[in-house]
Amino acid sequence: SGYLHSVEDVVICFRTDQIAPTQIAPAILALTKYGIKKREIHLLIDQYSLVGSDHRTCYSNIKPYLDDGVAIGCASVTVGGGSFPINLMGYKQGVTDIPRVEWLVWSLIQQSGDYTDLRYADYTVTNPAPQPDIDPTQVNPSVAIRYAANQFWKLYKAKGFKKGPPDQYRNLCKLLISDVVYSQPNFSYGDSQYSKAARGKIGNGNPSSWRKYATNHHIALTVDSL
């Protein structure tokens, strides 16, 4: 409790796959017994991994958590989740649409009009679950772009990064910037990099840079949509 008193705000995360809605209020009340005021507590209702889930079912499941979270009267309530696959195994080369389940759930929440002060969070283009233990020397990640659109991600996938044909990333970027979902170079840093790569102004990059550009675009799009 000493540490909690040393900070101005406390964020409490409740994962919906680990607790029931009725456990939220007792947990918050337990904190207030240590002198932590509810106006200092921010609740994160985390749906965690939603890969392949039906967003309408997820919406029905999350409502009791939101009802109990809002009713307790803390500083804020945020709903979060992530539905990008943990890896790209099983996805064919080419272009695939992957539903942004957490955003589709958020859209239903907004349409309901029941939670006007609710906040939103997600895991961008990364799955929230821990990555399995894999020997990095044995991994050959696919050259890929994870591009967020309003209701889904566009996955542009080529062959393996190691010993793959030249210009795979450049060709994917060419495909992306010709797609109607592309937000144009000035929308975000990530979008500008995709444009440069398509024109051969930067090289193929690596898995780290691809993820960086994808995350940057995702955040820009989400903030703009909110």
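Analysis parameters
- Residues numbered from 1 in each chain as written.
- Predicted model: local features only at pLDDT ≥ 70, side-chain atom pairs only at ≥ 80, totals over all residues.
- Heavy atoms only, no water.
- Phe/Tyr/Trp six-rings, centres within 6.5 Å; stacked < 30°, edge-to-face > 60°.
- Helix = DSSP H or I, 4+ residues; strand = E, 2+ residues; numbered from the N terminus.
- Buried < 20%, exposed > 50% of the residue type's maximum accessible area, 1.4 Å probe, protein only.
- Lys NZ or Arg CZ within 6 Å of the ring centre and 35° of its normal.
- Core = buried A, V, L, I, M, F, W, Y, C linked by side-chain atoms within 4.5 Å.
- Contact = heavy atoms within 4.5 Å.

J.: Could you give an account of the packing of aromatic side chains, naming the residues involved and the relevant values?
T.: As enumerated under the stated definition, the model contains 9 aromatic pairs in all. Aromatic side chains Tyr189 and Tyr213 sit 5.9 Å apart centroid to centroid with 70° between the ring planes, which places their arrangement in the edge-to-face category. In this pair, Tyr189 sits in helix H6 (residues 189-198) while Tyr213 sits in helix H7 (residues 207-225), placing the two residues 24 residues apart along the sequence. A residue is classified by how much of its surface remains accessible, and Tyr213, at 8% relative accessible area, is buried. Centroid distance Tyr194 to Tyr213: 6.2 Å. Interplanar angle 85°. Geometry classified as edge-to-face. Linking Tyr194 in helix H6 with Tyr213 in helix H7, this pair joins segments that are 19 residues apart in sequence. The exposure class of Tyr194 is buried, given its relative accessible area of 1%. Taken together, Tyr147, Tyr182, Tyr189, Tyr194 and Tyr213 form an aromatic cluster joined through their ring pairs. The positively charged end of Arg15 is found above the aromatic ring belonging to Tyr48, 3.5 Å away from the centroid.

J.: Outline the nonpolar core, supporting the account with residue identities and numerical values.
T.: Counting residues in hydrophobic clusters, the biggest one holds 30 residues, and the most contacted among them are Leu43 and Ile109. Mapped onto this core, the elements with two or more residues apiece are strand E1 (10-15), helix H2 (24-32), strand E2 (41-49), helix H3 (55-71), strand E3 (76-82) and helix H4 (101-112). At 6 residues, H4 tops the list of elements feeding residues into this core. Setting aside its immediate chain neighbours within four residues, Ile109 contacts Tyr59, Ile62, Leu66, Val79, Asp114, Tyr115 and Leu118.

Remember that the coordinates give geometry; whether it matters functionally is a separate question.
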